[in-house]
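Results of the structural survey
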Amino acid sequence: EETYGIAPYFVEHVRQQMQREFGMATYREGFVVHTTLDSRLQQIAEKHFDTEISKVQKKVDKHLKAVGASQSVRDSALVQAAFVAMDPATGHILAMIGGRDFSHSKFNRATQAKRQPGSAFKPFVYTAAIDNNRFAVDVLDDNAFTLWDHRREQFWDPENYDKKFKGPMTLREGLKQSRNLISIKLADELGPSLIRSYARNMGISTPIQAIPSIGVGTSEVLLLDLVAAYAVFPNKGIYVEPMAISRLERKDGDVFFTQESGRKQEVLRPAVAVIVADMLRSAVDEVGGTGRRIRTVYRFRPQAAGKTGTTNDYTDAWFIGFTPHLVAGVWVGIDDPSLRLWPKQAGSAAALPLWAEFMKEVYESVEPYRSLRNRGFEYPENLVVRRAVCNDTHKIATRFCPDQREEIFIAGEVLPSTCPLHGRSQEQAPRRIQRF
Ligand SMILES: [Zn+2]
């Protein structure tokens, strides 16, 4: 009987990579393998993983019992989950959990399970929008909208998660509150194939269908891909390929292979990454944000940003988020996608808690994160400018706008127009003196 130590899914991931890249010979010869895993982060992840996923399992069991599900359904409804933490700057995989029990199932749900991301895909839509002359303050209507789906040759009437329509709102609000209609309209405006190209450039390796529902994440993705893609935001536009093996040595100490960071590539304009990161920060920091529980329930203090994801039928729940120094992602679901997880168990309820508990303990007890806990996101002046915006019209504020807030825009580019409601008339009226 085999026993498995810490991080069995990660060890298997490394073994498969060695086999693929260096051949089995290296493995058999007994090379010393140095990996990127941080055992402190791995232990914290494993501890909270077991606690949080057990809680989800209890909810599922209770629900299935309540709806009178058969014993065979109840037996097969094993809640699964996956977790990855990565250093956004180097691509080092710091912690990885591929499922609840490696001895029971070696299938790595962090690197091998293709699942629908739902709303966790929306940041790609908003990234494409901000990169294509949309502003975070632009207003779209969260209302009923019918699309012609060319591929299926039928009309599609998308709904919001809460089945409600909230009316006009800014892109920042739309992403923060995860309004489906705003994302679908943006995807329609920009074109599904453009959205797909952003997702691909940012590291999504699985096939993505360029269809109208791309805005609500209907093509399947891998958790590790999603985590690496979100790392592009705190990384100011640089994609870094995730890596697990940092050094291989022969028994005599001869270094056979060494790699300090994953392959890097600029995939986004730095200013666009800064702005979308800040929009995702709103989802965590502001009232109505889908990640708000990180603050209110879990009391995680360091700056953070992120996005929940839930598929239509509650089969998958996600939370992917980042601080300036660490990116992590959680998927929770059931292996058989035909089994619904449970009703109304959104990403924020099922997946966010593990993310929050992990980050909280890491920033409380692990260096260098503890020392970095007060260091937030950067907003370099050469990349973004801050401007006052009118809260009534969401345009650049005049000094007469009674209610204003600050927004960030790409430095050196065209700004939105000036508020038409509190502008010229008041400014000019008292000064217009007629002379005869
Ligand atoms: Zn105004």
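For clarity, every value in this text was computed on a predicted model and none was experimentally measured. (Residues numbered from 1 in each chain as written. Predicted model: local features only at pLDDT ≥ 70, side-chain atom pairs only at ≥ 80, totals over all residues. Heavy atoms only, no water.)

Secondary structure summary: the chain contains 14 helices and 16 strands in total. Relative to a compact globule of 436 residues, whose C-alpha radius of gyration would be 22 Å, the chain shows 24 Å and is just as compact. Each of the three principal axes of the chain carries a C-alpha extent, and together these read 105 × 60 × 45 Å. In the chain, which comprises 436 residues, the proportion classed as buried is 54%. Excluding contacts between residues fewer than 6 apart, the proportion of contacts in the chain whose partners are at least 24 apart in sequence is 70%. (Helix = DSSP H or I, 4+ residues; strand = E, 2+ residues; numbered from the N terminus. Rg over C-alpha atoms; globule rule 2.2 N^0.38 Å. Buried < 20%, exposed > 50% of the residue type's maximum accessible area, 1.4 Å probe, protein only. Contact = heavy atoms within 4.5 Å.)

Let's shift gears to the pairing of strand S10 (residues 255–258). One ladder, built from three bridges, connects strand S9 (residues 245–249) with S10; its direction is antiparallel. For Glu249, the partnering residue across the bridge sits in S10 and is Val255. Adjacent in sequence and paired antiparallel, S9 and S10 are bridged by five residues, among which Gly253 carries a positive phi angle near 95°. (Pairing = 2+ DSSP bridges.)

Before going further, it helps to spend a moment on the coordination of the zinc ion. Note on metal sites: the ideal angle is 109.5 degrees for four tetrahedral donors, and 90 or 180 degrees for six octahedral donors. Within the protein, the zinc ion binds to Cys390 (SG), Cys401 (SG), Cys419 (SG) and His422 (ND1); these donor distances fall in the range 2.1 to 2.3 Å. One can describe the donor arrangement at the zinc ion as tetrahedral, given that its four donor atoms subtend angles of 106 to 114° at the metal. Counting along the primary sequence, the residues that act as donors to the zinc ion give the motif C-x10-C-x17-C-x2-H. A residue pair is termed long-range when its members are at least 10 positions apart, and Cys401 in the loop between strand S15 (384–390) and strand S16 (404–410) and Cys419 in the loop between S16 and helix H14 (424–428) qualify at 18 residues. By relative accessible area, Cys401 is classed as buried at 5%. The class of Cys419 is buried, set by a relative accessible area of 3%. (Donors = N, O, S within 2.8 Å, 3.2 Å for Na, K, Ca; no water. Tetrahedral: all angles 85-135°; square planar, octahedral: opposite > 155°, others 65-115°.)

Interhelical geometry of helix H5 (residues 122–131) versus helix H8 (residues 192–201) gives an angle of 105° and a closest axis separation of 9 Å. In terms of their interaxial angle, H5 and H8 are classed as roughly perpendicular. Across the interface between the two elements, Phe124, Val125, Thr127, Ala128 and Asp131 of H5 pack against Leu194, Ile195, Tyr198 and Ala199 of H8. Across the contact of H5 with H8, the residue classes break down as seven nonpolar, one polar and one charged. (Axes fitted to C-alpha atoms, helices over the stretch in contact; angles between N-to-C directions. Parallel < 35°, antiparallel > 145°, perpendicular 65-115°, else oblique. Nonpolar A, V, L, I, M, F, W, Y, C, P; charged D, E, K, R; others polar.)

Turning our attention to the sheet that holds strand S3 (residues 93–97). Taken in spatial order, the five strands line up as S3-S2-S14-S13-S12 in an open sheet, and their pairing is antiparallel. A strand with exactly one partner marks an edge of an open sheet, and here the two such strands are S3 and strand S12 (305–310). Each strand axis lies, on average, 5° off the axis of its neighbour in the sheet, ignoring direction. With seven bridges joining them, strand S13 (residues 316–322) and strand S14 (residues 327–334) adopt antiparallel strand pairing. Across the sheet, residue Asp316 finds its bridge partner in S14, namely Gly333. Helix H10 (residues 270–285) rests against S12 and S13 of the sheet, and its axis sits at about 70° to S12.

Time to look at the layout of surface pockets. Taken as a whole, the second largest pocket holds about 560 Å³ of empty space. In terms of lining residues, the second largest pocket is bounded by 24 residues, among which His13, Gln17, Arg20, Leu224 and Pro242 are the most central. For the lining of the second largest pocket, the secondary-structure elements that each account for two or more residues are helix H1 (8–22) and helix H9 (223–230). The dominant element in the lining of the second largest pocket, judged by the number of residues it contributes, is H1, at seven residues. (1 Å grid on protein atoms, 1.4 Å probe; cavity = no way out; pocket = protein on both sides within 12 Å on 5 of 7 lines; lining within 4 Å. Points joined across faces, edges and corners; volume = space filled by probe spheres on them.)

Here the structure, examined in full by the defined rule, presents 25 salt bridges. A salt bridge links Arg15 to Glu12, with the nearest nitrogen and oxygen atoms 2.9 Å apart. Placement of the pair is Arg15 and Glu12 together in helix H1, with a separation of three residues, close to one helical turn. Linking Arg172 and Glu407 is a salt bridge whose minimum nitrogen-to-oxygen distance equals 2.5 Å. Of this pair, Arg172 sits in helix H6 (residues 171–176) while Glu407 sits in strand S16, and the two are 235 residues apart along the sequence. Residue class for Glu407 comes out buried when judged on its relative accessible area of 2%. A cluster of three or more residues bridged by salt bridges with shared partners is formed by Arg172, Asp278, Arg281, Asp285, Arg295 and Glu407. (Salt bridge = Lys/Arg side-chain N within 4 Å of Asp/Glu carboxyl O.)

Looking now at the nonpolar core. Grouped burial of nonpolar side chains is what soluble globular proteins tend to show. If you look at the biggest cluster of nonpolar residues, it comprises 73 residues, and the most contacted ones within it are Leu226 and Phe322. Of all the elements, H10 adds the most residues to this core, at nine residues. Taken domain by domain, this core gets at least three of its residues from each of domain 1 (39–117 + 220–365) and domain 2 (384–431). Core analysis: the next-biggest nonpolar cluster, separate from the first, contains 42 residues, Tyr298, Ala328, Ala356 and Tyr369 among them. (Core = buried A, V, L, I, M, F, W, Y, C linked by side-chain atoms within 4.5 Å. Domains from an automatic or database assignment.)

This structure, assessed with the given rule, holds 15 aromatic pairs. Across the ring face of Phe145, the terminal group of Lys185 is positioned such that the distance to the ring centre comes to 5.4 Å. Residue placement shows Arg386 over the ring face of Tyr379; its charged tip is 4.9 Å from the ring centre. (Phe/Tyr/Trp six-rings, centres within 6.5 Å; stacked < 30°, edge-to-face > 60°. Lys NZ or Arg CZ within 6 Å of the ring centre and 35° of its normal.)

A word on helix H13 (residues 352–365). Between its terminal C-alpha atoms H13 stretches 20 Å, which fits the 20 Å expected from 14 residues at 1.5 Å a residue. When we look at burial in H13, the residues that qualify are Leu352, Pro353, Leu354, Trp355, Ala356, Phe358, Met359, Val362 and Tyr363. (Expected span 1.5 Å × (residues − 1).)

Attention shifts here to the domain arrangement of the chain. According to the domain assignment, the chain consists of domain 1 (39–117 + 220–365) and domain 2 (384–431). Taking the mean C-alpha position of each, domain 1 and domain 2 sit 39 Å from one another. Summed over both sides, the interface of domain 1 with domain 2 buries roughly 440 Å², with 74% coming from carbon and sulfur. Looking only at domain 1, the three residues that lose the most surface to domain 2 are Arg269, Ala271 and Ile275, adding up to 72% of its buried area. (Buried area = accessible area lost by both parts, 1.4 Å probe.)

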